[in-house]
Structure formats: C-alpha cells, structure tokens
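Structural description and commentary
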There are 2 protein chains.
Amino acid sequence: MDKFDEKMMRKAISLSRISIKKGGGPFGAIIVKDGRIVASGHNMVTLKNDPTAHAEVSVIRRAAKKLNTFDLSGCTIYSSCEPCPMCLSAIYWAHIDKIYYANTKADAKDIGFDDSFIYDQLALPVEKRSIPVVQLLRNEAISAFEIWQQKPDKTKY
Amino acid sequence: MDKFDEKMMRKAISLSRISIKKGGGPFGAIIVKDGRIVASGHNMVTLKNDPTAHAEVSVIRRAAKKLNTFDLSGCTIYSSCEPCPMCLSAIYWAHIDKIYYANTKADAKDIGFDDSFIYDQLALPVEKRSIPVVQLLRNEAISAFEIWQQKPDKTKY
C-alpha cells in the first residue's frame, strides 16, 4: 500500500459517506487505470430500485461505458467495503486486475447486510440453498449453445 | 415441473436464441409473478459494453424498474442457463422466490464461458484467488457504517 492507493481509497470512502446523505447504502467505489480515475460510483439500490446497483457494479458499468469496452483489464477497483459475491463475480467478468477494500463482509453483516449470508449460500450444494433451484428442458436449451459454438463471427468475453 | 413452467422456460430459451442473432451471448431469462411475465431479458455484455449485463441481471433490473421496487419477493426466474455466481447473488439480493434453469454451468464452460472458473475462485481463500485483494484504511471507512447504523430513516434492503 502506498500513498496513491490511500488517496484512492479515501475517495471511495468519501463516496460511501456521500451515498448515505443521498439516501443510498453506505458503500462507495472507484475504478482507476494508468494512475487516473476512470469512474466513481456509490450504492443506488434503493435510490434506483435496482437490486444490482451496488457501488462496485455501478462503477464497473460506468467505467466500461466510458472506456467503450466490456473488458476492464489494466484497471484497479477501490471499494469502501469488501465486495459481496455479486460484485466480486462482476469484477472477475470485467477482468479487473486488482481489488482494494476497507470494511469487511463481517462489518457489513454487523450493520444488517446479507453479504456473508450469500457467500455461505454459494458454498452450499444447490439442494441445501434457501432459494429452490429446479432444472428443466436442458435438451431444448442446449441447441442455443450449439448455435453459439458454430457461429464464426461471435464476440467472446 | 408443470406445463406452465415448461412454457415459461421455452420463452427463456427462445430469448437465448434471439440473443445470438442480435449479437449477444446465448442466454435468455424471464421473471414471472402471479402467473404473468413481468420482464424478459437476454445477454447484452458485448452489445452494451456492460460486463454485468448477463440475462438474469438484465431481467432483474427490468422487473425491479417495472414493479417499482428493489424487492422481487414473490417472483420466479426462468433462465436458459444455470446462473453464474454474479447472477445467483443478484437473485439473492432481489429476494426472488425460485429459480428454474436449463443448461448447466458445465455446458457454459464447454462453450467458453467462465462461470465454473468464477465459482471455483469464490470458494478459494482470498489469498489464493487469481485477482489480488488488499485491505486498507478500514479504520477510516468504518465511520460510514457507524453513521448508517445510527441513521433513523434508512431504507433497508
């Protein structure tokens, strides 16, 4: 950790405080590339009626739009809290290089957020999870995957 | 599984095929409440330059907007493929009641998607994951959580 990383994290923390004032959850995040801030974001779940609008997902969406690519390789994310499984997975899908966080998922649990619960759920076998999961019609759905595989001009991600 | 569920899944599968034609990934999903389709969606990662725009995340966003709430309790999601960790977590955050899927994460892996890899990453201890994770400034960030905890008029989700 150096002075630059601390400065970036302080910006993310500042956004987490601003978010509360705006009526969002207490989470902020920024994305940095080549020493410059590409995008910043905060939690907007209740403000936008979007359960996916966590700080990290919001800032990933903004950074990708700004850089005009779905591939954020070369970027670093600074989040005021340890990413939940949704956000961590989004970070993987976006190919972000490195994650800095401040508060932990245990801290988030202590103030009433489900991060830890969802981490636990993902680690359980499907049949033991709290949301029932049922498979059907794989024999019909697989044709789309076959079409995809044979498509010569597909964009991979 | 009954005729209604099959009919809904066939709509999700149809969307997965339409998605390929539009230039998206081979994934479709719909959300149903009280026997009616609330929203439908397909993968738009490459079309929208949004790494989070999987079929399930897209349809959750649309359904939440349409129902004007971040809480999709009472809803069922039909996805043409087993949700990746990002989408599964989004389903938990949205409080969706039940998940139907067709193709498996192994099927997705076979055609080049990272679902299985990300499931494996989440199950690893932080220090063994492929993306480096560093904690800093928790002592400064925790103040936002304290403000949140003391806020009398907060909207929980």
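Details of the structure are given in the entry above.
Computed from a predicted model, the values in this text were never measured in an experiment.

As for the interface of chain A and chain B
- The interface of chain A with chain B comprises 72 residues on the first partner and 72 residues on the second.
- Mapped onto the side of chain A that touches chain B, the elements with two or more residues apiece are helix 1 (3–22), helix 2 (45–48), helix 3 (55–67), helix 4 (85–93), strand 4 (98–103), helix 6 (115–123), strand 5 (133–135) and helix 7 (138–150) of chain A.
- Among the elements that take part in the side of chain A that touches chain B, helix 7 of chain A stands out by supplying nine residues, more than any other.
- By residue class, the composition of the side of chain A that touches chain B is 42 nonpolar, 16 polar and 14 charged.
- Sheet topology places strand 5 of chain A next to strand 4 (residues 98–103) of chain B; three bridges connect them, and they run parallel. Within strand 4 of chain B, the position partnered with Val134(A) by the bridge is Tyr100(B).

Notes on the sheet that holds strand 2 (residues 36–42) of chain B
- Strand order in the open sheet formed by five strands is 5(A)-4(B)-3(B)-1(B)-2(B), with mixed pairing between adjacent strands. Single-partner strands in this sheet number two, and they are strand 5 of chain A together with strand 2 of chain B. Going across the sheet, the axis of each strand differs from the next one's by a mean of 20°, ignoring polarity.
- As paired strands, strand 1 (residues 28–33) of chain B and strand 2 of chain B are joined by six bridges and run antiparallel to one another.

Observations regarding the sheet that holds strand 3 (residues 75–81) of chain A
- If you walk across this open sheet you meet the five strands as 2(A)-1(A)-3(A)-4(A)-5(B), and the pairing is mixed. The sheet terminates laterally at strand 2 (36–42) of chain A together with strand 5 (133–135) of chain B, the two strands that pair on one side only. Averaged over all pairs of adjacent strands, the angle between their axes in this sheet comes to 20°, without regard to strand direction.
- In this sheet, strand 4 of chain A lies alongside strand 3 of chain A in parallel orientation, the contact comprising five bridges.

Rules used in this analysis
- Residues numbered from 1 in each chain as written.
- Chains lettered and ligands numbered in written order.
- Predicted model: local features only at pLDDT ≥ 70, side-chain atom pairs only at ≥ 80, totals over all residues.
- Contact = placed C-beta atoms within 7 Å.
- Helix = DSSP H or I, 4+ residues; strand = E, 2+ residues; numbered from the N terminus.
- Nonpolar A, V, L, I, M, F, W, Y, C, P; charged D, E, K, R; others polar.
- Pairing = 2+ DSSP bridges.
- Axes fitted to C-alpha atoms, helices over the stretch in contact; angles between N-to-C directions.

Note that all results are geometric; they support no functional claim without further evidence.
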